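Read off the chains here:
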There are 2 protein chains.
Amino acid sequence: MPPFGFLHMRAWASLFGQLLRSPRAVCIREVHFHSQFAEAMLTSQLKPQQEKSNFIIKTPKGTRDLSPQQMVVREKILDMVVGCFKRHGAKRLDTPAFELKEMLTEKYGEDSGLIYDLKDQGGELLSLRYDLTVPFARYLAMNKVKKMKRYHVGKVWRRESPTIVQGRYREFCQCDFDIAGQFDPMIPDAECLKIMCEILSGLQLGDFIIKVNDRRILDGMFAVCGVPESKFHAICSSIDKLDKISWKDVRHEMVAKKGLAPEVADRIGDYVQCHGGVSLIEQMFQDPRLSQNKQALDGLGDLKLLFEYLTLFGIAEKISFDLSLARGLDYYTGVIYEAVLLQTPTQAQESFNVGSVAAGGRYDKLVGMFDPKGHKVPCVGLSIGVERIFSIVEQRMKTFGQKIRTTETQVFVATPQKNFLHERLKLIAELWDAGIKAELLYKNNPKLLTQLHYCEDMGIPLVVIIGEQEMKEGIIKLRSVASREEVAIKRENLVAEIQKRLSES
Amino acid sequence: MPPFGFLHMRAWASLFGQLLRSPRAVCIREVHFHSQFAEAMLTSQLKPQQEKSNFIIKTPKGTRDLSPQQMVVREKILDMVVGCFKRHGAKRLDTPAFELKEMLTEKYGEDSGLIYDLKDQGGELLSLRYDLTVPFARYLAMNKVKKMKRYHVGKVWRRESPTIVQGRYREFCQCDFDIAGQFDPMIPDAECLKIMCEILSGLQLGDFIIKVNDRRILDGMFAVCGVPESKFHAICSSIDKLDKISWKDVRHEMVAKKGLAPEVADRIGDYVQCHGGVSLIEQMFQDPRLSQNKQALDGLGDLKLLFEYLTLFGIAEKISFDLSLARGLDYYTGVIYEAVLLQTPTQAQESFNVGSVAAGGRYDKLVGMFDPKGHKVPCVGLSIGVERIFSIVEQRMKTFGQKIRTTETQVFVATPQKNFLHERLKLIAELWDAGIKAELLYKNNPKLLTQLHYCEDMGIPLVVIIGEQEMKEGIIKLRSVASREEVAIKRENLVAEIQKRLSES
C-alpha cells in the first residue's frame, strides 16, 4: 500500500466531488480562502471566552458547536454509513433524547455515574440517554417486537472528562445498527462484522483490524483462572483497559484495587496476550484448563462458526480473535468486537491517537430486563464511532489544506447598474421556482466587483448578469465564474439554458 | 381547486414514488399488510403500560418513539424543507442540545417556566435548548460572526402540557432558517416569506395564508390606545392567544388578570380585528391616532416596502397584514409572520386542528444580549412547524390507507433447498460489495414460500434463487416478485443484470 498521500487525496476528492472547490475556480482570493478555512476548522478548539457583566459566553463543558464546514464533512460520512445500513435492509427508528431514569439503571455497570440526570421539576425523574442500545431494547419490550433490523443515528450524552484532543466529547453522535430476533447462530453476527468492514473500507481511513472475543470465553477464562464469580464484571472492566494502559498497570488495578490474588492475575495474563485467527480457536479448544469449561467451549464453538461465515463473506483476514478484548458495558452476553485503525492516515505528520472506531456485540438478555415477564429477545449489533472518524477526516483535510463548499448555490444574480433591485428580485424568484439554487446580495446597489468576488469566495459556478442594455435587448448575460466567459441568452431561454449547463457539469 | 381526494393522492404518490408499494406487488398478504400498517401508525398513541415488579415501561410524558413508518415520512418532508433552505444558499449549523442555563434566561418572557433544567451534578448549571434561535444568536456573538445565512434542523424541548391530539409534544423537531447581518431593509425579510411559501406549496398541504405584522406597529398601537409601557409584553402575550381563544376571552384576560382599563382594551379591539393587504397599510398610514406614533410609522413604512418585494416574488396574494398577530416570544423587534392552513386536508372527515405551520420574524437585539460590548447583529428568520406537518401527512396517509416501504431492499437471496446457506452467504456478499441492497433470512434451511412471502411483505422487487440444479448449470434464477416471472441468468452476469433491471425500474 502506498503511503498516504496524493493517491488518497484523489480518492477523497472523488468522495467529496461536489464539495471540493475546483482549483480552476480559485483566482482572486486564494490566500484569503485558505485562512478562512483554517479558521473554521479551528472553531471548536478556540472557544472564545468573553466577559459580559459577569458571564462567560461559551458552550457547556465538553460540548461544541459544529461549523458549516464540519457539518458538510459529517453529512457526507453519515450518508455513507446510513447507505450501508440501508444496503443491509435496516429500518430507521428514533427515540426521545431522555428516558425515565429507572430505564437506564443497572445497564452500564461502572459507567452509570456518567449519566446526565434532569432536574426534578415536578413529575417524572429523567436522564439523558447514554447510548442508543438501551432505548432500542426498551422500545422492543414496550412494543412487544420480537424481530427487527433497525438503525439509529442520534446524539448521546456522557459526563466524561473531556480530553478534546482525542475527539472525546460529552455530547456525541452514535450510528447504531442492530438485529433483534431468534435466528440460527452467528448469521446476524457475521453480517454485523461485514457491515463494519464495508463502512471502514468505504471511508478509506487506512488499514484496520477487527478484534473479536466472546463474553462466555472471558467468563470461562476467569473461572478456570480462579476469579471469584462476584468479581467477573469488575475484572472484565479492568481487562477492557488493556488497549489504553499496559498489562502491568491493569494487573496492578486487579490486584491492588480489586483484591485479586496475584497468581490468578498472572494466569489471566497468559491468556490475554493471545491473539490470532482460526488456529488460535483450535488451540484454545485444546487448552487443558479452558477446555474443561462449558461456557468457554460454547463461545469457542460459536466463534469457529463465525469464522466460517466471515470466510464466505471474504473478510476473515480482517478479523483477529483477541482474548484481551473485553468491552466495558455490562449488557453483552456473547460475541463482542471492536475495530481499530492500524495506522491513522496523518500519523506520519502528527501523533493523533484515535483508538477504536467501531464496536459492538451480542446482548441476549437486555430486552428481557424490560419485559414484564422477562421474555428475552436475542440481539446483536454495532456502533460506528463516527466522532472519531469525523476527527480523522477533519484532521486530514486540514493537513492537506483541502477546501470545502458549505453551500450548494448554483447561480448568482448580479447587476452592474444602480436601481436594478426589482429586476434582480423578479429574476431570482423565477430561478427558485424552477428549483435552481440561487443567491443575490441583499443590497439595493451593490458593486459588480463585490458581487463577482462573492461568487468566487463561495464557489458559485454561474452568474446571471442583468443591466439596462440587456433589458432593452431582451437578453441576459450568463457568465462562468471559472472561465470568466460570458454569453448572451434570450431572457425567455434563461432557465432552460441554466438547467442544461448544470446537468452537463 | 378540486376537493382533496384522488388527485391529491396521486400527487403524493409521485412525491413518495419510491416508498409506496405498487399495488401489483400485493398478492398474498394484502389484509395482513393493511392491519400491520394501521398498527404502526397507531404506535405513538398506544403507549403500552406494563407492570414489572413496580415499574411501568414507557417513554417520558409528552415524548414518543418514532416508528420506521413515521421516520420515512419525516425524512421525505425534511428533505424537501432542507432542499428549499439550500436553494436559498444557507449553510448548516449544529449546536449542543443543552446550553448554560444563564444563556436562556430573559429570552422567552412568560414561557421561561417551560425550560427543562439539568440536575446539578457538580459543575455548570445547564438547560435543554428551548428553540434554535437563541443558540444561533449565542453562536454568532461567541464567534463574532457578523453575517451568516444558516439553517438548523434539530430537536428542542419544552415542558408544556402535552395535548397529543393537536400534535404537540415536549420533545419536537424544529427546522430553522435565519439571515444574520446588516443589509438594506426588507430584502432578507421578503426572502424568508418566499421560503415559507415555497415549502408550504411544495408540501401540498392545501391552501394557506401568511399573516404579517410588525412589533413596532403593535407597540405603537398599544401606546396610542393608552397601554402603560410596563404592560406591553404582557398585553402582547394576551393578543397572541387570539388564534386560539375569542376576543371576549382575551379582553377578559387583559382587563381582569393584567389590570388593563376596559376602554383601553376596547380601543385595542378595534385595531386587532383588521386584516388585509396593501390597502390596509395605506389605511393605517391615515389612521388619526396611529399616524401620530413614530414607531408605528416606521413599521408601516417597512411593511409597505415588504409588500413591494413580495409582489415581485409573486406571492403577495398569500400574505395578509393582520393587526392581531403578536407572536409570544420576547425577542422579536420588527416584522413578524405566521403561516396558517386555511383548510386542513382531512378536515372534511375528521376535526383535526393544526393551527400555525410556520412562523418567524425579525430580532435585531438578541445577538447584542450575548455580546460583551452589546454589539448588535440584526437577524430575521423562520421556523417550519414540521411536527404539525408530520401529523397532517400521517393522518392523511392513515385516512387513505396508504402504505409505506420502510426498507429499500432491492434483491432477496433465496433457495428452495436445504444446506445452501454457504452459497447464499457468498452470493449476498457479492451483491453487497457491488452496492446492491440485499437481504436473506437468517436461517440455515428456510422454506421457499416463507422467503417469497417475506419479499411480498417487505415490497422487495427482485429475488435471486439458487439451488442444486442452478449450481450444476452455472446459472441463477432471477424472479420478479410482482409478475412472478423467472429468468435464468449466467452466474457471472448476475450483478450486471440486476443493476440493469434496477436502473430501468
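For every chain, the first residue of the written sequence is number 1, and numbering continues from 1 along that sequence. By the order in which they are written, chains take letters starting at A while ligands take numbers starting at 1. pLDDT decides what is reported in this predicted model: residues at 70 or higher carry local features, side-chain atom pairs at 80 or more are listed and counted, and totals for whole chains, interfaces and linings draw on all residues regardless. The basis for the side-chain values is all heavy atoms of the structure; hydrogens and waters are excluded.

Student: What should I look at first to understand the relation of the copies chain A and chain B in this one?
Tutor: Relating the two copies of this chain is a rotation about some axis coupled with a shift parallel to it. Here the copies were fitted onto each other by least squares, based on C-alpha atoms from residues at pLDDT of at least 70 in both. With an RMSD of 0.0 Å, the operation that places chain A on chain B is a rotation of 180 degrees combined with a shift of 0.0 Å along the axis. Taken together, the rotation angle and the small translation identify this as a two-fold axis. Contact definition: two residues touch when any of their heavy atoms are within 4.5 Å. A share of 100% of interface residues in chain A that are also interface residues in chain B marks the association as one of identical surfaces.

Student: Would you explain the packing of helix 8 (residues 232–239) of chain B against helix 9 (residues 247–257) of chain B in this entry?
Tutor: Between two packed helices, the angle of one axis relative to the other and the distance separating the axes together describe the packing. Residues and elements named next belong to chain B. Relative to each other, helix 8 and helix 9 sit at 160 degrees, their axes nearing to 9 Å. Of the possible angle classes, the one that applies to helix 8 and helix 9 is roughly antiparallel. Between helix 8 and helix 9 the crossing geometry is right-handed. Contacts from Ile-235, Ser-238 and Ile-239 of helix 8 reach helix 9 at Trp-247, Val-250, Glu-253 and Met-254. Broken down by class, the residue content of the contact of helix 8 with helix 9 amounts to five nonpolar, one polar and one charged. Only the contacting stretch of a helix is used when fitting its axis, a line to C-alpha atoms as for every element, and angles between N-to-C directions run 0 to 180 degrees. Counting from the N terminus, the helices are the DSSP runs of H or I reaching at least four residues and the strands are the DSSP runs of E reaching at least two. Between 65 and 115 degrees an angle is taken as roughly perpendicular, under 35 as roughly parallel, over 145 as roughly antiparallel, and anywhere else as oblique. Should the near helix be turned anticlockwise from the far one by less than a right angle, the crossing is left-handed, and should it be turned clockwise, the crossing is right-handed. Residues are grouped as follows: Ala, Val, Leu, Ile, Met, Phe, Trp, Tyr, Cys and Pro are nonpolar; Asp, Glu, Lys and Arg are charged; all remaining types, including Gly, are polar.

Student: What is the right way to look at the interface of chain A and chain B in this model?
Tutor: Where interface size is given, it is often the accessible area lost as the parts come together that is meant. Each partner contributes to the interface: chain A provides 98 residues, whereas chain B provides 99 residues. Interface of chain A and chain B: buried area, both sides summed, is about 9100 Å²; carbon and sulfur atoms make up 59% of it. Here, a salt bridge means any side-chain nitrogen of Lys or Arg that lies within 4 Å of a carboxyl oxygen of Asp or Glu. On inspection of chain A and its partner chain B, the count reaches 16 salt bridges. Its salt-bridge partner being Glu-439 of chain B, residue Lys-149 of chain A comes within 2.8 Å of it at the nearest N-O pair. Think of a polar contact as two N or O atoms within 3.5 Å of one another; within protein, one of them needs to be a possible hydrogen donor and the other a possible acceptor, and neighboring residues in sequence only count if both atoms come from side chains. For the interface between chain A and chain B, the tally reads 44 residue pairs in polar contact (both at pLDDT 80 or more). Throughout, buried area stands for the accessible area (probe radius 1.4 Å) lost by two parts on being put together, summed over both.

Student: Before we go on, may I ask you to explain the packing of aromatic side chains in this structure?
Tutor: Geometrically, a pair of aromatic rings is defined through the distance of the ring centres and the angle of the planes. Here the aromatic set is Phe, Tyr and Trp, taking the six-membered ring for Trp, and pairing holds for ring centres within 6.5 Å; pairs whose planes are under 30 degrees apart are stacked, those over 60 apart are edge-to-face, and all others are tilted. Overall, the coordinates contain 22 aromatic pairs over all chains when judged by the stated rule. With a centroid separation of 5.0 Å and an interplanar angle of 75 degrees, the aromatic rings of Tyr-442 of chain A and Phe-183 of chain B are classed as edge-to-face. Here Tyr-442 of chain A is found in the loop between strand 15 (438–439) and helix 16 (448–458), whereas its partner Phe-183 of chain B is found in the loop between strand 7 (171–180) and helix 6 (187–202) on a different chain. Arranged with centres 5.6 Å apart and planes meeting at 45 degrees, the rings of Phe-412 of chain B and Tyr-454 of chain B form a pair that is tilted. Separated by 42 residues along the polypeptide, Phe-412 of chain B in strand 14 (residues 411–414) and Tyr-454 of chain B in helix 16 (residues 448–458) bring together distant segments of the chain. By relative accessible area, which is 24% here, Tyr-454 of chain B ends up partly exposed. Among the aromatic residues, those joined into a cluster by ring pairs are Tyr-108, Tyr-130, Tyr-331, Tyr-332 and Tyr-363 of chain A. Lysine NZ or arginine CZ positioned within 6 Å of the ring centre and within 35 degrees of the ring normal marks a charge as sitting over the ring. Residue placement shows Lys-318 of chain B over the ring face of Phe-208 of chain B; its charged tip is 4.6 Å from the ring centre. Burial status follows relative accessibility: with a 1.4 Å probe on protein chains alone, a residue under 20% of its type maximum counts as buried, one over 50% as exposed, and anything between as partly exposed.

Student: Explain the side chain of Ser-383 of chain B here, please?
Tutor: Structurally, the position occupied by Ser-383 of chain B is in strand 13 (residues 379–384). Residue contacts for Ser-383 of chain B: discarding those within four places in its chain leaves Gln-174, Cys-175, Asp-176, Ala-358 and Ala-359 of chain B.

Student: Could you clarify how one ought to interpret the sheet that holds strand 14 of chain B in this entry?
Tutor: Either a parallel or an antiparallel arrangement is found when strands of a sheet pair, and the pairing is made through backbone hydrogen bonds. Residue and element names in this part refer to chain B. Reading across the sheet, the five strands line up as 15-14-16-17-18 and stay open at both edges, with mixed pairing between neighbours. The outermost strands of the open sheet, each flanked by one partner alone, are strand 15 (438–439) and strand 18 (486–490). Pairing between strands requires that DSSP locate at least two bridges from one strand to the other. Taken together, the five bridges between strand 17 (residues 475–480) and strand 18 define a ladder with antiparallel strand orientation. From the neighbouring strand, Lys-477 faces strand 18, where its bridge partner is Ala-488.

So yeah, pure geometry; function would need other evidence.
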